[in-house]
Amino acid sequence: QVQLVESGGGLVQSGGSLRLSCATSGNIFRFTVMGWYRQAPGKQRELVASITSGGNRNYADFTKGRFTISRDNAKNTMYLQMNNLEPEDTAVYYCYVRVAGHDYWGQGTQVTVSS
């Protein structure tokens, strides 16, 4: 069983920044893939960014170089640095990990960007 706890969401003005954190239980090296999804009201959940155990990163086009995914192996924590936020980035952000063919999700953290 894997537990994920997100933090760092909040209310920010357009153009502002936030850093989301996803603290994981156990050894982070178990996870073949880690990533962030988001879901806005009335929309489907969509991938924001992911990072493999080998360090390969993948970003959705809408991040436009504004977002950076990273992981701190010593702290068993993954991050999403979000800069130049836009109102369209308003959503609940979820972290997920894949281990042994299973996906685990956090409870989500709300990000609201005001214009």
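Below or above, wherever it landed, is the structure these notes cover.

What counts, and where the lines are drawn
- Residues numbered from 1 in each chain as written.
- Predicted model: local features only at pLDDT ≥ 70, side-chain atom pairs only at ≥ 80, totals over all residues.
- Heavy atoms only, no water.
- Core = buried A, V, L, I, M, F, W, Y, C linked by side-chain atoms within 4.5 Å.
- Buried < 20%, exposed > 50% of the residue type's maximum accessible area, 1.4 Å probe, protein only.
- Helix = DSSP H or I, 4+ residues; strand = E, 2+ residues; numbered from the N terminus.
- Contact = heavy atoms within 4.5 Å.
- Polar contact = N/O pair within 3.5 Å; in protein donor to acceptor, adjacent residues only side chain to side chain.
- Disulfide = S-S within 2.5 Å.

### A few points about the nonpolar core
In this structure, W36, V48, F67, M78, L80, M82 and Y93 are the most contacted members of the largest nonpolar core, which totals 30 residues. Residue contributions to this core peak at 5 residues, all from strand β9 (residues 91–99). Ignoring sequence-local partners within four residues, the contact set of M82 consists of G16, S17, L18, L20, R66, F67, Y93 and V111.

### Considerations on the side chain of T77
One can find T77 in strand β8 (residues 77–82). Looking at T77, the relative accessible area reads 9%, which means it is buried. Polar side-chain contacts of T77 include one of 2.8 Å to the backbone oxygen of K75.

### Here we look at the state of the cysteines
One pass over the structure, following the stated rule, counts 1 disulfide. One disulfide bridge connects C22 with C95, the sulfur atoms lying 2.2 Å from each other. In this structure the cystine formed by C22 and C95 twists about its S-S bond by roughly 55 degrees; its chirality is therefore right-handed. In this pair, C22 sits in strand β3 (residues 18–24) while C95 sits in strand β9, placing the two residues 73 residues apart along the sequence. We note that C22, like C95, is buried.

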